[in-house]
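Residue strings, one per chain:
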Amino acid sequence: MSIPVVTTIELQSLPKLTSGKVRDLYEIDDKTLLFVTTDRISAYDVIMANGVPQKGAILTQLTAHWFKVLKERIPDVKTHFISLTAPPSVSDQDKALIRGRSMHVRRLKVFPIEAIVRGYITGSAWNEYQRTGTVHGISVPAGLQQCSPFPKPLYTPSTKAELGDHDENITPEKAAEIVGHKYAARIEELALKVYTTAAEYAREHGIIIADTKFEFGLDEETDDIVLIDEVLTPDSSRFWPASEYEAGRDQDSFDKQFLRNWLTKEGLKAKDGVEMPQEIAEATSARYKEAFKLLTGKTLEEALAEL
Ligand code: ATP
Ligand code: MG
C-alpha cells in the first residue's frame, strides 16, 4: 500500500493558529502547540502544487533526533521540544492523520529573524563575495574558492519575511536592532555553538552541513532563549555528501537541488502553483531519506516503528 502524500491537513479536534509554507500550527493550550509538518515543499519561496512523499515525517523525526543529540552534546541548550506523542486532547481520528509528522512543542514568542550560520561559502554568500568581497556586509578573507570553508563559521542573519515575501540578508548590527541588543549577542553565540556541534556530528556521519538556518524564541518567564522550529534538516540547511566534497566547484547536495534544477531548466523558477513530475518528487524524497539514514543510523520506517 502506498503512503498518501499530504499537502493539506484539517484537524477536527484542535483550533488551527497559522499555516506556514510547510507547517501548520495548532493550539493545544496557552503554553503549548502541536507543530504539524505537511509534505509540502517550497523552492525559490513558492510552494509546489504537489508534495514530496513522507517529507513531513522525515523532517519531524530528523528534528527530534537533532534535539536529542544537541541535549547530549550541549547540556544547557533549551529547545521547544516536548514530545513526539500527541497529547490526549487530540482525537484518535486526527492522530491517524498526523502520525509521524507532529511534535508537541512549547509555544514561545518568536524572534523575527532567521539565524543563519555558514560554514562554507556557497549560494547567495558566494555571489555577494564575488561582487564585493563581503558576505552579508561582513569582510571575509580574499582568495576563497567556491564552496570552501570560512576560517570560522559566520553568523549571517536575515529578516523573517511574511508569507509571500522574500527574506532579506542583513548585517548582525541590523539584526541586533530588530531583536534588541539585549538578546542579539546571545542568539549569535547560541546559533554558532549549535551549528558547530551539529556540523561535527554530521561530519562523523558522512555529511557536511555547509550552512543552516535556525529560529529562536523567548521564554518570557525565565528570559531563556530557546531553539524552536525545525532544525538541521535538508529544508533548512545545505547538506553535502562528505565523500564527494571538493572545493572550487558547486556541490551535489541532499537538499532541494533536484527540484531547483528542474524548475530552472523548465523556466518555472518562482512561478506559483507548479506541479512537479512524479519522478522529481520521488527523487527528492529518496535524497531526504538518504540524509536521514546517514544522520540517525536508522531508516525512516525504523524510526516510525518506534513511535
Ligand atoms: P519557511 O521556514 O519555509 O520560510 P515559514 O517560516 O513560512 O516557512 P513554516 O516552517 O511552514 O513557516 O511554519 C513554521 C512557523 O512556526 C514559523 O513561522 C515559525 O516561526 C513558527 N514556530 C516554530 N516554532 C515555534 C514555537 N515553538 N512557538 C511559536 N511559533 C513557532
Ligand atoms: Mg519554516
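Residues numbered from 1 in each chain as written. Chains lettered and ligands numbered in written order. Predicted model: local features only at pLDDT ≥ 70, side-chain atom pairs only at ≥ 80, totals over all residues. Heavy atoms only, no water.

In the nomenclature of an unreviewed UniProt entry, the protein chain is known as Phosphoribosylaminoimidazole-succinocarboxamide synthase of Pseudoneurospora amorphoporcata. You can read under Sequence similarities (unreviewed entry) in the UniProt record for the protein chain the words "Belongs to the SAICAR synthetase family." (UniProt positions renumbered as here; feature names shortened; annotations may be inferred.)

As for the pairing of strand S3 (residues 32-37)
Most of S3 is tucked away: six of the six residues are buried. In this structure, strand S2 (residues 23-27) lies alongside S3, joined through five bridges in antiparallel fashion. Note that in S3 the partner of glutamate 27 across the bridge is leucine 33. Hairpin connection, S2 to S3: the antiparallel pair is bridged by four residues. As judged from the five bridges shared by S3 and strand S7 (residues 102-106), these two strands associate in the antiparallel manner. Bridging across to S7, threonine 32 finds its partner in arginine 106. (Buried < 20%, exposed > 50% of the residue type's maximum accessible area, 1.4 Å probe, protein only. Helix = DSSP H or I, 4+ residues; strand = E, 2+ residues; numbered from the N terminus. Pairing = 2+ DSSP bridges.)

Remarks on the nonpolar core
Grouped together as the largest cluster of nonpolar side chains are 72 residues, with contacts concentrated most on Trp66, Ile187, Phe214 and Phe216. It is helix H5 (residues 181-204) that contributes the most residues to this core, eleven residues altogether. If we skip the residues at most four places from it in the chain, isoleucine 187 touches Phe111, Ile113, Ala115, Tyr155, Val179, Phe216 and Ile225. (Core = buried A, V, L, I, M, F, W, Y, C linked by side-chain atoms within 4.5 Å. Contact = heavy atoms within 4.5 Å.)

As for empty space enclosed by the protein
For the structure shown, the criterion picks out one cavity of 30 Å³ or more. Empty space within the largest cavity amounts to approximately 40 Å³. The wall of the largest cavity is formed by Arg23, Phe35, Thr37, Leu59, Thr60, Thr63, Met103, Asp229 and Glu230. Elements with a contribution of two residues or more to the lining of the largest cavity: S3 and helix H1 (55-73). A per-element tally of the lining of the largest cavity places H1 first, with three residues. (1 Å grid on protein atoms, 1.4 Å probe; cavity = no way out; pocket = protein on both sides within 12 Å on 5 of 7 lines; lining within 4 Å. Points joined across faces, edges and corners; volume = space filled by probe spheres on them.)

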